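Listed below are the residues making up each chain.
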Amino acid sequence: MPVMRGEGFRLVLLYLCACLSYASLEDTAHGDVKKLAEAWEGYSCDRLKDVPESQRCQFVTEECRSDSRVPYTEWYYCSVAPYGVFATGGFMMLLACVLPLLFCLLGNTAELYFSPTMSLVSQTIPKMRPRFAGVTFVAMGNGAPDLSANISAIRSGQVALSAGAFTG
């Protein structure tokens, strides 16, 4: 599937919108952090339904930090949930529409970068079929993070953790 003209522009536009929305959420001012920490002592980011509805946006913004580039939780609890069921449904529909785009991008990336590389590797190694090369290197790439985590656990002295990861 070839990359269509303008697709890169749409991706950049989507990324800029996400960054601008995130920046606007970051700039919102909130009350005294010490008082909030005391008030939110019994709550958890894993159970946001326990937080009072009027305080969820503030709680998520202050307490629930994520490494994600797109702050879906903050978007939902600060910009969508306060507006009711229809806004929530619209947000879920938007996410459902973005999902096929992400799968198409993943497929295009694999087709443009991964497939030619695997073809080249299979041609340079004698008697290796392209499918076998792809399966072998995908398996190696899939297992590399687990291997790295196990080596790290062994080096830090947590052998039981690495043994549990190896055995499942």
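Residues numbered from 1 in each chain as written. Predicted model: local features only at pLDDT ≥ 70, side-chain atom pairs only at ≥ 80, totals over all residues. Heavy atoms only, no water.

A. Representation of the nonpolar core. Counting residues in hydrophobic clusters, the biggest one holds 10 residues: Leu48, Val51, Phe59, Val60, Cys64, Trp75, Tyr76, Tyr77, Val80 and Phe91. A total of four residues in this core trace back to one element, the largest contributor, which is helix H4 (residues 72-80). (Core = buried A, V, L, I, M, F, W, Y, C linked by side-chain atoms within 4.5 Å. Buried < 20%, exposed > 50% of the residue type's maximum accessible area, 1.4 Å probe, protein only. Helix = DSSP H or I, 4+ residues; strand = E, 2+ residues; numbered from the N terminus.)

B. Just the packing of helix H5 (residues 85-124) against helix H6 (residues 130-155), in detail. Packing of H5 against H6 brings their axes to within 9 Å, and their N-to-C directions diverge by 115°. Put simply, H5 runs roughly perpendicular to H6. Taken as a pair, H5 and H6 cross one another with a handedness that is right-handed. Each of Phe114, Met118, Val121 and Ser122 in H5 lies in contact with H6, whose residues at this interface are Pro130, Ala133, Gly134, Phe137 and Val138. (Axes fitted to C-alpha atoms, helices over the stretch in contact; angles between N-to-C directions. Parallel < 35°, antiparallel > 145°, perpendicular 65-115°, else oblique. Left-handed = near helix turned anticlockwise from the far one by under 90°. Contact = heavy atoms within 4.5 Å.)

C. Molecular detail of a nonpolar patch on the surface. Together, Leu99, Leu102, Phe103 and Leu106 make up an exposed nonpolar region whose accessible area comes to about 430 Å². Relative to the elements of secondary structure, Leu99 occurs in helix H5. Owing to a relative accessible area of 44%, Leu99 belongs among the partly exposed residues under this scheme. (Patch = residues over 30% accessible without salt bridge, like charges linked within 9 Å, V, L, I, M, F, W, Y side chains within 5 Å. Areas by Shrake-Rupley, 256 points an atom, 1.4 Å probe, with all protein chains shown as cover. Salt bridge = Lys/Arg side-chain N within 4 Å of Asp/Glu carboxyl O.)

D. The pattern of salt bridges, seen in detail. Inspection of the entire model under this criterion finds two salt bridges. Residues Arg47 and Asp50 are paired through a salt bridge, measuring 2.9 Å at the closest nitrogen-oxygen approach. Residues Glu74 and Arg65 are paired through a salt bridge, measuring 3.7 Å at the closest nitrogen-oxygen approach. Taking the relative accessible area as the measure of exposure, Glu74 reaches 5% and is therefore buried.

E. Fine view of the state of the cysteines. Scanning all chains against the criterion turns up two disulfides. Two residues, Cys45 and Cys64, share a disulfide whose sulfurs are 1.9 Å apart. The disulfide joining Cys45 to Cys64 has a torsion of about -100° about its S-S bond and is therefore left-handed. With Cys45 in the loop between helix H2 (33-39) and helix H3 (56-63) and Cys64 in the loop between H3 and H4, the pair connects residues that are 19 residues apart, well separated along the chain. Residue classification places Cys45 among the partly exposed positions, given a relative accessible area of 33%. Between Cys57 and Cys78 runs a disulfide, and the two sulfur atoms are separated by 2.1 Å. Across the S-S bond linking Cys57 and Cys78, the dihedral sits near 105°, which makes this disulfide right-handed. You can see Cys57 sitting in helix H3 and its partner Cys78 sitting in helix H4, a full 21 residues away along the chain. (Disulfide = S-S within 2.5 Å.)

F. Highlighting unusual backbone geometry. Of note in this structure, Lys127 is not a glycine but carries a positive phi near 60°. With respect to the helices, strands and loops of the structure, Lys127 is situated in the loop between H5 and H6. For Lys127, a relative accessible area of 87% puts it in the exposed group.

G. Layout of the environment of Gly134. Mapped onto the secondary structure, Gly134 falls in helix H6. In sequence terms Gly134 and Ser122 are 12 residues apart; their C-alpha atoms lie 8.4 Å from each other. Residues within four places of Gly134 in sequence aside, it is in contact with Phe114 and Met118.

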